[in-house]
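# A structural walkthrough
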Amino acid sequence: AALTDGLRSQVSAALKEGRVSPTELCQRCLDLIKSTKFLNAYITVAEETALKQAEESEERYRRGQPLGILDGIPVAVKDNFNTAGIETTCASNMLKGYISPYNATVVQKLLDQGAVLLGKTNLDEFAMGSGSTDGVFGPVRNPWSYSKQYKEKSVPKSHSGEEESNWVITGGSSGGSAAAVSSFTCFAALGSDTGGSTRNPAAHCGVVGLKPTYGLISRHGLIPLVNSMDVPGILTRCVDDAAVLLGSSLAGHDPKDSTTIQDDFKPFELPDLIDVSKLSIGIPKEYHAPGLSSEILALWSKAADLFKDAGAKVVEVSLPHTCYSIVCYHVLCTAEVASNMARFDGLEYGHRSDMKDSTESMYAATRREGFNDVVRGRILSGNYFLLKQNYEKYFVKAQKVRRLIANDFVKVFRSGVDILLTPTTLSDAAPYTEFIQEDNRTRSAQDDILTQAANMAGLPAINVPTALSERGLPVGLQFIGRSFQEKQLLTVAKWFEKQVQFPVIQLEEVERHNSGVFQHQKSASFS
Amino acid sequence: QKVSVEVLDHLEHLALVDFRDSEGVERLHKAIQFADQLCEVNTDGVEPMDSVLEDRWCLYLREDDVTEGNCTKELLENAREKVEEYFVAPPGNIPLPKLEERETFLQSS
């Protein structure tokens, strides 16, 4: 088995048949993490506990009693999920040194299935951002920056100094998780998605990024940004793997999260033979947003044709309030952030200032020292919108606009459309030096435009890597489905993935680790 | 429209974070300007939406049974200042110094 294999198809089988052992798999991932350190994808690598988990898994396989498909599979978790005994920082000074006393429900579920937790991945501070560039541990580098495919397309310069400054961003805020999956250091990773934070980096890093329906997966232990929109996100190298993660553990009611629905979740397997001819695919015209690159526009069009040729009904639809979703998000997000960040006062956990004059001044000093500009900016804006004199005009108004946005989707789905097909991002990944020329809020407003509305409406959405851009970088397309219809969404995504045959990243480091005893697989997904 | 120094000061009190410099204040002005676009949308007769799950009656009250607890030790571990089973805070009921007395960027504006 190679690090490039799909879970259900190959790795699981290889583990069961003893062709590879959990400890070998774990060790190889840990070694690869070390040799790809320059990506800065991981904040914490839990080497000892991971190896111990791998050993326990190995024991279960020897007894012929693996817990399931995920037993022994190395995974990574975004550093805004609580992980017992492991530092959880949210890439902020406010939580540096904070060792969680408990596991987030989704983390616990993964561990209960025998998954091996390799470490915590890097992000924008408190998940605020669309580049994974604004955390205290520094920016995450997109593995594709170092791929053969990107280097071939770059204007050849004589020295490696150029290459150093040429690297592109991962997108965000779950950039570390996306980079980890993309560079094969783990088989799956958890991210979070509030405005596109799982799908955006998935598109830029060429991996599958699933945002589940709000209420399907527990948020208990996910340090909250916007309680009414946050969801845990799933990042994998192929659609089947995302279905495995969703079904084998993560989805389902959690008594510790009262916003999870109570209906029983029925795990599903995706069919291998898929017929899309009975489907109606909607193409929302407003997603032809200003700034959409002509490349992506062409790919989007080509994708629509693919469905048409397969017999599906492809129709143009309208979601008229799309252009307001970013403004709406801006107000609701900052308002909820203002509330959620109030818990960080230095008293019970996290950073605490040395200021002793009074409780309030200690709180103020702690927060001044602990939060970066972006976080402070959002807290202040949020508090402004929540002032008595502004409440109706901004907060309540935004809540009304939210309903209009959600209703747009309801109308479209009621008209017979099953799935929406849209671009995920406006362009391929920007070079870091270019990205940081605009501030965080501007960038977020630009980059979230295609992903945010799904969070507004709570709908499931998925990024599927589609093709390489002219610069040799990944471009993905997004499918948005009906509430709680993840099976249909993933089935369509899987069909599409098979059609486009997205290329495997050619990374020197990975090839080195894969060579030797085991065969190098040609494609990221089995066929 | 610029936000008055009184409101900025009030926000610093409410939020217990500071604007730090003129950039911070500019950031707020830009945020307000951006949010003002909301008034372009006609929302007559539209109810505010609290949760996308409003039709599903998720929120429920559970039985008032003690199902977990007794984790004082774990909860105190991450606190920097503690005495026995107490979190220790500096003296309370002391309001933040007024604008004139505080060390804040807003003083110069």
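Residues numbered from 1 in each chain as written. Chains lettered and ligands numbered in written order. Predicted model: local features only at pLDDT ≥ 70, side-chain atom pairs only at ≥ 80, totals over all residues. Heavy atoms only, no water.

Here we take up the packing of helix α11 (residues 325–340) of chain A against helix α14 (residues 391–414) of chain A. All names here are of chain A. Where α11 meets α14, the closest approach of the two axes is 9 Å, and the angle between their N-to-C directions is 130 degrees. Relative to α14, α11 is oriented oblique. Between α11 and α14 lies a crossing of left-handed hand. Where α11 approaches α14, its residues S325, C328, V331, L332 and A335 are matched on the opposing element by Y394, F395, A398, Q399, V401, R402 and I405. Classifying every residue of the contact of α11 with α14 by side-chain character gives nine nonpolar, two polar and one charged. (Axes fitted to C-alpha atoms, helices over the stretch in contact; angles between N-to-C directions. Helix = DSSP H or I, 4+ residues; strand = E, 2+ residues; numbered from the N terminus. Parallel < 35°, antiparallel > 145°, perpendicular 65-115°, else oblique. Left-handed = near helix turned anticlockwise from the far one by under 90°. Contact = heavy atoms within 4.5 Å. Nonpolar A, V, L, I, M, F, W, Y, C, P; charged D, E, K, R; others polar.)

Evaluation of the coordinates by the stated rule reveals 27 salt bridges over all chains. For the salt bridge of R80(B) with E81(B), the shortest nitrogen-to-oxygen distance reads 3.2 Å. The partly exposed category is assigned to R80(B), whose relative accessible area is 42%. According to the relative accessible area criterion, E81(B) is partly exposed, its value standing at 26%. One salt-bridge network, in which partners are shared between bridges, spans R368(A), D373(A), R376(A), D18(B), R20(B), E23(B) and R27(B). (Salt bridge = Lys/Arg side-chain N within 4 Å of Asp/Glu carboxyl O. Buried < 20%, exposed > 50% of the residue type's maximum accessible area, 1.4 Å probe, protein only.)

A few words on the nonpolar core. All names here are of chain A. F126, F307, Y384, F409, L421 and F479 are the most contacted members of the largest nonpolar core, which has 171 residues in total. Looking at this core, the element that brings in the most residues is α14, giving ten residues. When near neighbours in sequence (up to four residues on either side) are disregarded, L421 contacts I281, G282, I283, P284, W300, A303, A304, F307, L477, Q478 and F479. Within the second largest apolar cluster, 18 residues are counted, among which are F184, L473, L507 and V510. (Core = buried A, V, L, I, M, F, W, Y, C linked by side-chain atoms within 4.5 Å.)

With that settled, the discussion passes to the environment of L110(A). Residues and elements named next belong to chain A. With respect to the element layout, L110 can be found in helix α4 (residues 105–112). In sequence terms L110 and L70 are 40 residues apart; their C-alpha atoms lie 7.7 Å from each other. Residues contacting L110, with those up to four places away along its chain left out, are L70, V75, A115, L190, L245, S249 and L250.

Residues and elements named next belong to chain A. Where burial is concerned, most of strand β2 (residues 74–78) is hidden: five out of the five residues are buried. Alternating positions in β2 separate into two faces, P74, A76 and K78 on one and V75 and V77 on the other, with burial throughout. With five bridges connecting them, β2 and strand β3 (residues 116–121) associate as parallel partners. Paired with A76 across the strands is G119, a residue of β3. Of the crossover connections in this fold, the one passing from β2 over α4 to the parallel β3 is right-handed. Direction of pairing for β2 relative to strand β4 (residues 188–193): parallel, over a ladder of three bridges. Note on β4: the bridge partner recorded for V77 is L190. (Pairing = 2+ DSSP bridges. Right-handed = clockwise from strand over helix to strand, strands pointing away.)

Structurally, the position occupied by R141(A) is in the loop between β3 and α5 (148–153). Here the side chain of R141(A) touches Y146(A) through a polar contact of 2.8 Å, side chain to side chain. (Polar contact = N/O pair within 3.5 Å; in protein donor to acceptor, adjacent residues only side chain to side chain.)

In this complex, chain B contributes 55 residues to the contact, which on the side of chain A involves 71 residues. Taken over both partners, the interface formed by chain B and chain A buries close to 5600 Å², and the fraction arising from carbon and sulfur atoms is 61%. Counting the surface chain B buries against chain A, the share from its top three residues, L38(B), M49(B) and N78(B), is 12%. Our count for the chain B to chain A interface comes out at seven salt bridges. Residue R376(A) pairs with D18(B) through a salt bridge whose shortest N-O separation is 3.8 Å. Joining chain B to chain A, the criterion identifies 25 residue pairs in polar contact (both at pLDDT 80 or more). Looking at the side of chain B that touches chain A, the elements that each hand over two or more residues are α1 (5–15), α2 (22–35) and α3 (72–77) of chain B. (Buried area = accessible area lost by both parts, 1.4 Å probe.)

Residues and elements named next belong to chain A. Reading across the sheet, the eleven strands line up as β1-β3-β2-β4-β6-β5-β10-β11-β9-β7-β8 and stay open at both edges, with mixed pairing between neighbours. Of all strands in the sheet, those bounded by a partner on one side alone are β1 (42–45) and β8 (313–317). Adjacent strand axes in the sheet meet at a mean angle of 30 degrees, parallel and antiparallel pairs treated alike. In this sheet, β3 lies alongside β1 in antiparallel orientation, the contact comprising three bridges. Bridging from a neighbouring strand, Y42 pairs with T121 of β3. Across the sheet, helix α2 (residues 22–35) lies against β1, β2 and β3, angled at about 20 degrees from β3, the strand it touches most. In the packing of α14 onto the sheet, the strands contacted are β8, β9 (419–423) and β11 (474–480), and the crossing angle to β9 comes to about 125 degrees.

In this section: α2(B). Taking 1.5 Å per residue as the helical rise, α2(B) with its 14 residues ought to reach 20 Å, and the 20 Å between its terminal C-alpha atoms agrees with that figure. Along α2(B), the residues classified as buried are G24(B), V25(B), L28(B), H29(B), A31(B), I32(B), F34(B) and A35(B). Lining the buried residues of α2(B) we find α11, α13 (373–386), α14 and α16 (440–447) of chain A together with α1 of chain B. (Expected span 1.5 Å × (residues − 1).)

A few words now on the packing of aromatic side chains. Residue and element names in this part refer to chain A. Here the structure, examined in full by the defined rule, presents 17 aromatic pairs over all chains. The interplanar angle of 5 degrees and the centroid separation of 6.0 Å between the aromatic rings of F307 and F496 together place this pair among those described as stacked. Pair noted here: F307 is in helix α10 (residues 294–309) and F496 is in helix α18 (residues 486–500), with a separation of 189 residues, a long-range link. F307 sits in the buried class, given a relative accessible area of 0%. You can call F496 buried: its relative accessible area is 1%. Between the aromatic rings of Y384 and F385, the centroid separation amounts to 6.0 Å while the plane-to-plane angle is 75 degrees, which identifies the pairing as edge-to-face. (Phe/Tyr/Trp six-rings, centres within 6.5 Å; stacked < 30°, edge-to-face > 60°.)

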